Amino acid sequence: MSIPSPGKKVRGSLSGTPINALFDLLGRRWALGVLWNLEQGPCTFRTLQERCGDISPSILNSRIKDLREADLVEKTLDGYALTRRGKELRDIIVPLGAWSAAWSKEVFDYIKPGTEGS
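Residues numbered from 1 in each chain as written. Predicted model: local features only at pLDDT ≥ 70, side-chain atom pairs only at ≥ 80, totals over all residues. Heavy atoms only, no water.

An unreviewed UniProt entry annotates the protein chain as Helix-turn-helix transcriptional regulator originating from Oryzomonas sagensis.

Written out as structure tokens, the structure reads:
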């Protein structure tokens, strides 16, 4: 299975707008989890699997392949790491996460367990 690409049909868009292609890629199981866990720095496959918790080796392998093809993750001498583009994307996602936390509290009266004091 190839990664979602701008200009091609993706989930949510027949035209494959760049934002829809990105959301399709990031919406794949564990894609965001892999990006999130690589923020701590480069790591081996096994370490990344441990950081991700219950991810299966086959899913992790698929997500790494997808994210490498999208130039968000790279293989380095120290293991897998975020590329410059991957770091830029993460810097965009962090404020989106803060916005979503406020939205979930205000609209749905939901606070993620363990973040009450944040």
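1. Topic: the side chain of S104
Put simply, the rule is: Secondary structure is summarised from DSSP: a helix means a run of H or I of at least four residues, a strand means a run of E of at least two, and numbering begins at the N terminus for each. By the convention used here, residues are in contact when the closest approach between their heavy atoms is within 4.5 Å.
When you line up the elements, S104 lands in helix α5 (residues 84-108). Not counting the four nearest positions on each side in its chain, S104 is found in contact with D109 and Y110.

2. Points about the environment of T47
Put simply, the test is: Here a polar contact is recorded for every N or O atom pair within 3.5 Å, except that within protein the pair must consist of a potential hydrogen donor and a potential acceptor, and residues adjacent in sequence are included only if both atoms are side-chain atoms.
In this structure, T47 sits in helix α3 (residues 45-52). Considered as a pair, T47 and N37 are 10 residues apart in the sequence and their alpha carbons are 9.8 Å apart. Within the structure, T47 has its side chain in polar contact with the side chain of T44 (distance 3.0 Å).

3. Observations concerning the pattern of salt bridges
In plain terms, the rule: Salt bridge, as used here: a side-chain nitrogen of Lys or Arg that lies within 4 Å of a carboxyl oxygen of Asp or Glu. Each residue is assigned to one of three classes by its accessible area relative to the maximum for its type, calculated with a 1.4 Å probe on protein chains only: buried under 20%, partly exposed between the two thresholds, exposed over 50%.
By the definition in use, this model includes 5 salt bridges. R63 is the partner of D66 in a salt bridge, and the nearest nitrogen-oxygen pair spans 3.1 Å. Of this pair, D66 and R63 both sit in helix α4 (residues 57-69), separated by 3 residues, roughly a single helical turn. Each member of the pair, D66 as well as R63, is classed as buried. Note that E88 is salt-bridged to R84, the shortest N-O span being 2.7 Å. Of this pair, E88 and R84 both sit in helix α5, separated by 4 residues, roughly a single helical turn. Because the salt bridges share partners, they merge into one network encompassing R28, R63 and D66.

4. Considerations on the pairing of strand β2 (residues 79-82)
Rules: Between any two strands, pairing holds if DSSP finds at least two bridges.
Bridge count for strand β1 (residues 73-76) against β2 is 4 bridges, and the pairing is antiparallel. Bridging from a neighbouring strand, E74 pairs with A81 of β2. The turn joining β1 and β2, which pair antiparallel and follow one another in sequence, is formed by 2 residues.

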